[in-house]
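So the chains spell out like this:
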Amino acid sequence: MRQHDIVIVGAGLAGLRAAFEGITAGLDTAVLTKVHPLRSHSCAAQGGVNAAINPNDNWEDHAYDTVKGADWLGDEDAIEIMCEEAPQAVLDLDTMGAPFSREDDGTLAQRPFGGQSYARTAYAADRTGHAMLHTLWEQAIKLGTHIYQEWQMLHILKDPNTGRCAGVVAYDIATGKVETILAKTVLIATGGYGRIYASNTNAMINTGDGVALALKAGAHAADLEFVQFHPTGLRNSGILISEGVRGEGAYLIGADGKRFMQKYAPNKLELASRDVVSRAETMEIMNGNGKNGAIFLDVRHLGRDIILERLPQIRQLSIDFEGVDPINEPIPVRPTCHYTMGGIRTNKLGETYVPGLFAAGEAACVSVHGANRLGANSLLETIVYGKVTGKEMVRQIQEGTTREFPTYNREDVLIVERKIAELKARSSEDGYRQADLREDLTQAMQEHVGVFREEKSLKKGLKKILDIKEKYKKLYIDDKSENFNTDLLTALELGNLIALAEGTVRSALAREESRGAHSREEFTTRDDKKWMKHSIVKWNHATDEAEVDYEPVRQLGKERYKPVERTY
Ligand SMILES: Cc1cc2nc3c(=O)[nH]c(=O)nc-3n(C[C@H](O)[C@H](O)[C@H](O)COP(=O)(O)OP(=O)(O)OC[C@H]3O[C@@H](n4cnc5c(N)ncnc54)[C@H](O)[C@@H]3O)c2cc1C
C-alpha cells in the first residue's frame with residue numbers, strides 16, 4: 001500500500017510551494033502530477049507577481065485594490081493574509097534563486113498592472129511563472145520530494161466511518177494501472193478549468209479535475225459564474241499577450257486606429273481591471289470598430305529596444321501565431337477565457353468542507369479574487385496560499401488531530417476500474433466520440449456564457465450542456481491500450497469539464513446582478529443588498545446535478561473596505 005503523511009495533487013506553483021513546507025517540516029510528502037511539473041500552467045505566466053515591497057508602497061493599499069478589484073465579493077480575511085504576506089513570499093522565492101528582473105541599484109524591478117494603485121508587480125522579463133516554477137522545482141529536487149510524475153488523480157477517497165479524506169485513486173499513465181495512495185491530509189492544487197471555453201489562454205491540462213472531483217467528494221465549489229476574460233488573447237489561437245505589455249505602456253486601438261479606453265475608464269484607461277477592459281473591447285467590436293472579430297494592441301511607440309528587452313516572448317508569439325511583428329504592426333487581440341475565479345471553497349487556511357482535504361491556488365476559492373481577479377494576484381495567491389495551507393496541513397499532522405491513516409472503502413477503487421473498463425468496452429456504434437462532445441460543450445460555453453450574459457441565452461446554454469451530459473454516459477474511446485492512453489484520460493477529463501460547465505451556467509443564471517466578471521444584460525448594476533454573497537455549488541448525487549446555494553462574504557467590518565461604486 002502506498003501511503004504518505006501529505007499527498008499534494010498538482011505540481012504547479014501552489015503544489016510545489018506547499019510541498020516545500022511538508023518536506024522541510026520533516027513529513028513524508030508526495031506530489032502527484034499528470035504532466036512533468038514544469039509543464040504545469042504556472043510555467044506560462046508572463047506578467048508578474050504583486051507585492052508591496054517598495055518602502056513607499058504598503059500592503060494595506062494592495063489589500064484595498066484587491067477588495068475593490070474583486071468588486072466586494074472577495075473574503076477580506078484571506079485578502080489581508082495574501083497582501084500582508086506578499087513581500088515575504090516573493091522574497092522567499094528571491095532567496096531560493098528566482099531570477100527576478102532588477103533595477104540598476106539591485107532592487108527588484110516592479111511594473112504597473114491593471115487595477116493597482118502602485119507599480120507593485122515584480123517580474124522576470126515576460127516569463128515570470130517560468131522563472132518561479134523552475135526555482136520551486138529545483139527546491140523540490142534538492143529536498144528529495146517524492147514525485148508521482150504522469151499520474152492522474154481519478155477519485156478522492158473518504159473514510160466511510162468518519163467522512164475524512166483518506167487519499168486518492170490515481171492512474172499511472174505509463175502502465176495504465178489504477179493505484180491507491182493513502183494520506184493523512186490531501187491538498188488539491190490542480191489549477192483552473194479555462195478549458196470549458198473554446199477560446200482560452202489555458203494549457204490543455206487545465207480541465208478542473210481537482211475541482212470537479214472534490215465537488216463529487218462532498219466539498220463545495222464557490223463562485224463558478226465568475227470567469228475572467230483576458231482582454232488580450234491573440235485573435236486566432238487565444239494565446240495570451242500579457243497585461244504587462246499594457247503595463248509597459250501599450251495602447252488599445254480600434255480598426256479606426258484610435259484609442260478608445262477613455263470612453264470606458266477615463267482615469268486608468270488601458271490599465272483598468274480586466275473585466276472592464278474586456279467589456280469595452282466587446283462593445284467596440286459589436287459597434288463595428290473591430291476587424292475580423294478583434295481590436296488591436298499597439299506597442300510601436302515603445303520602440304524596438306524596449307520591445308526586445310522587456311517583451312521578447314510576446315513579440316515572438318505574435319510573429320509565430322499571427323504573422324505580425326509588433327515592432328512594425330499592431331497585434332490583433334480579443335477577450336479570451338483566461339482564469340477561473342471559482343473553485344473549491346475553503347476557509348482562510350485552505351480547509352475545505354471535507355476534513356483532511358485542502359485546496360490552494362487556482363483550484364481553490366479562498367476567495368482572494370472575489371468577482372474579478374487583478375492581474376499578477378494569482379501567482380501571488382499560489383505562493384502565499386501554497387505556504388499558508390502547507391503550514392496548516394503540517395500543523396494538523398504534528399499536533400495530532402490527523403496522526404493516523406484513515407481507512408477507505410475498497411469498493412470506491414473498483415468503481416473507478418469499472419468506469420475505465422466500460423469506456424473501453426463501448427464501441428462506436430452505440431456511443432459518442434469525445435472530440436465531438438468537447439467541441440459542442442466548449443462552443444456552448446463560448447456562445448451562451450461569455451463576456452455578456454442574458455437569461456434566454458443562458459437557458460439555451462444549460463439545455464445544451466445537460467444534453468451533452470446525457471450523451472457523455474454513452475461515450476466511447478478509440479484507443480483501448482494500456483500505456484499512455486491519452487484518449488482515455490481526456491475522456492475522463494471531459495466528464496470534469498461538463499460538471500463544471502453545468503455549475504457555471506446554473507450559478508450564472510441564478511445571479512441576477514452585474515458584478516465583476518459577471519455581466520447580465522437584464523440586471524446591469526451591482527445589487528449589494530441581495531447579492532453580496534458567494535454562490536456555492538454542491539453536488540446532489542441523488543439527482544446527479546449541481547445545486548446552487550449561497551454563503552456570506554467574510555467581511556472584516558473595516559471602514560475602508562465599505563463598498564462603493566467601482567470606477568477606474
Ligand atoms: C497564459 C497565462 C498567463 C498567466 N500570467 C499570469 C501572471 O502574469 N500573473 C499572475 O498572477 N497570474 C497569471 N496567470 C494565472 C496563473 O498563472 C495561474 O492561476 C497559476 O499559475 C495557477 O497555479 P496552480 O499552482 O494553482 O496550478 P497550475 O500551475 O495550473 O498546476 C496544476 C497542476 O495540477 C496537476 N493536475 C491537474 N489535474 C490533475 C490530476 N487529475 N491528477 C494529477 N495532477 C493533476 C497538473 O499536472 C499541474 O501540475 C496566467 C495564466 C495563464 C493561463
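Cut-off values and rules
Residues numbered from 1 in each chain as written. Predicted model: local features only at pLDDT ≥ 70, side-chain atom pairs only at ≥ 80, totals over all residues. Heavy atoms only, no water. Helix = DSSP H or I, 4+ residues; strand = E, 2+ residues; numbered from the N terminus. Rg over C-alpha atoms; globule rule 2.2 N^0.38 Å. Buried < 20%, exposed > 50% of the residue type's maximum accessible area, 1.4 Å probe, protein only. Contact = heavy atoms within 4.5 Å. Areas by Shrake-Rupley, 256 points an atom, 1.4 Å probe, with all protein chains shown as cover. Lys, Arg positive; Asp, Glu negative; His and termini not counted. Charge placed at Lys NZ, Arg CZ, Asp CG, Glu CD. Axes fitted to C-alpha atoms, helices over the stretch in contact; angles between N-to-C directions. Parallel < 35°, antiparallel > 145°, perpendicular 65-115°, else oblique. Left-handed = near helix turned anticlockwise from the far one by under 90°. Pairing = 2+ DSSP bridges. Core = buried A, V, L, I, M, F, W, Y, C linked by side-chain atoms within 4.5 Å. Expected span 1.5 Å × (residues − 1). Near = heavy atom within 4 Å. Polar contact = N/O pair within 3.5 Å; in protein donor to acceptor, adjacent residues only side chain to side chain. Nonpolar A, V, L, I, M, F, W, Y, C, P; charged D, E, K, R; others polar. Phe/Tyr/Trp six-rings, centres within 6.5 Å; stacked < 30°, edge-to-face > 60°. Lys NZ or Arg CZ within 6 Å of the ring centre and 35° of its normal.

A tally of helices and strands in the protein chain yields 15 helices and 23 strands. Taken over the C-alpha trace, the protein chain has a radius of gyration of 23 Å; the compact-globule value for 568 residues is 24 Å, and the two agree within 12%. If one aligns the C-alpha atoms of the protein chain with their principal axes, the spans along those axes are about 65 × 55 × 50 Å. Buried residues in the protein chain amount to 62% of all 568 residues. Here the contacts in the protein chain between residues at least 6 apart in sequence split such that 73% fall between residues at least 24 apart. Carbon and sulfur atoms form 48% of the exposed surface of the protein chain, whose accessible area is close to 21,100 Å². Side-chain charges in the protein chain split into 69 positive and 81 negative, and the spacing between the mean points of these groups amounts to 2 Å.

What follows covers the packing of helix α2 (residues 59-69) against helix α3 (residues 76-96). Interhelical geometry of α2 versus α3 gives an angle of 140° and a closest axis separation of 9 Å. It follows that α2 is oblique to α3 by the angle criterion. Pair α2 / α3 crosses with right-handed handedness. Together, Trp59, His62, Ala63, Thr66 and Val67 of α2 and Glu76, Ile79, Glu80, Met82, Cys83 and Glu84 of α3 make up the contact between the two elements.

Another point: the sheet that holds strand β12 (residues 251-253). As summarised here, the arrangement of the four strands in space is β11-β14-β13-β12, forming an open sheet in which the pairing is antiparallel. Where the open sheet ends on each side, the last strands, each with one partner, are β11 (227-234) and β12. Strand-to-strand twist across the sheet, computed as the mean angle between neighbouring axes with direction ignored, equals 45°. In this structure, strand β13 (residues 295-298) lies alongside strand β14 (residues 331-340), joined through three bridges in antiparallel fashion. By the bridge assignment for β14, Ile295 is matched with Val333. The sheet strands contacting helix α7 (residues 274-286) are β11, β12, β13 and β14, and the helix crosses β11 at an angle near 60°.

Among the nonpolar cores identified, the biggest contains 76 residues, and Leu32, Ile156, Val186, Ile188 and Leu357 are the most heavily contacted of them. Sequence-distant contacts of Val186, defined by excluding residues within four places in its chain, comprise Val7, Val9, Cys165, Gly167, Val168, Gly356, Leu357, Phe358 and Met393. Of all hydrophobic cores here, the second largest spans 61 residues; its members include Phe20, Phe226, Val368 and Ile397.

With that settled, consider helix α1 (residues 13-24). Between its terminal C-alpha atoms α1 stretches 17 Å, which fits the 16 Å expected from 12 residues at 1.5 Å a residue. Most of α1 is tucked away: 11 of the 12 residues are buried. By the burial criterion, the buried members of α1 are Leu13, Ala14, Gly15, Leu16, Arg17, Ala18, Ala19, Phe20, Glu21, Gly22 and Ile23. Looking at the buried residues of α1, the elements they touch are β1 (2-9), β2 (29-33), α3, α4 (128-142), β9 (177-188) and α10 (378-398).

Close to the ligand lie 38 residues, the nearest being Ser40, His41, Ser42, Glu362 and Leu379. At 3.4 Å, a backbone N or O of Gln46 approaches a nitrogen atom of the ligand. Residue Leu379 places a main-chain N or O atom 2.6 Å away from an oxygen atom belonging to the ligand. Coverage of the ligand by the protein amounts to 98% of the 1,000 Å² it exposes when considered alone. Breaking the shell around the ligand down by element, the ones donating at least two residues are α1, β2, β7 (151-158), β14 and α10. Class assignment of the residues belonging to the shell around the ligand gives a composition of 15 nonpolar, 19 polar and four charged.

This model, assessed by the stated rule, comprises four aromatic pairs. Ring geometry for Tyr148 and Trp151: centres 4.6 Å apart, planes at 50°, overall tilted. Geometrically, the ring pair formed by Phe260 and Tyr264 is edge-to-face, given 6.4 Å between the ring centres and 85° between the ring planes. For Arg373, the ring lying beneath its charged end belongs to Tyr339, and the centroid distance is 4.1 Å.

Our next topic: the sheet that holds strand β5 (residues 121-122). Spatially, three strands are ordered β3-β5-β4 in an open sheet, and the strand pairing comes out antiparallel. Looking at the sheet topology across the chains shown, the edges are occupied by β3 (49-50) and β4 (110-111). Pairing of β3 with β5, which is carried by two bridges, proceeds in the antiparallel orientation. Among the inter-strand pairings, Val49 is bridged to a residue of β5, identified as Ala122.

Note that every value here comes from positions in space, so none of it alone points to a role or purpose.
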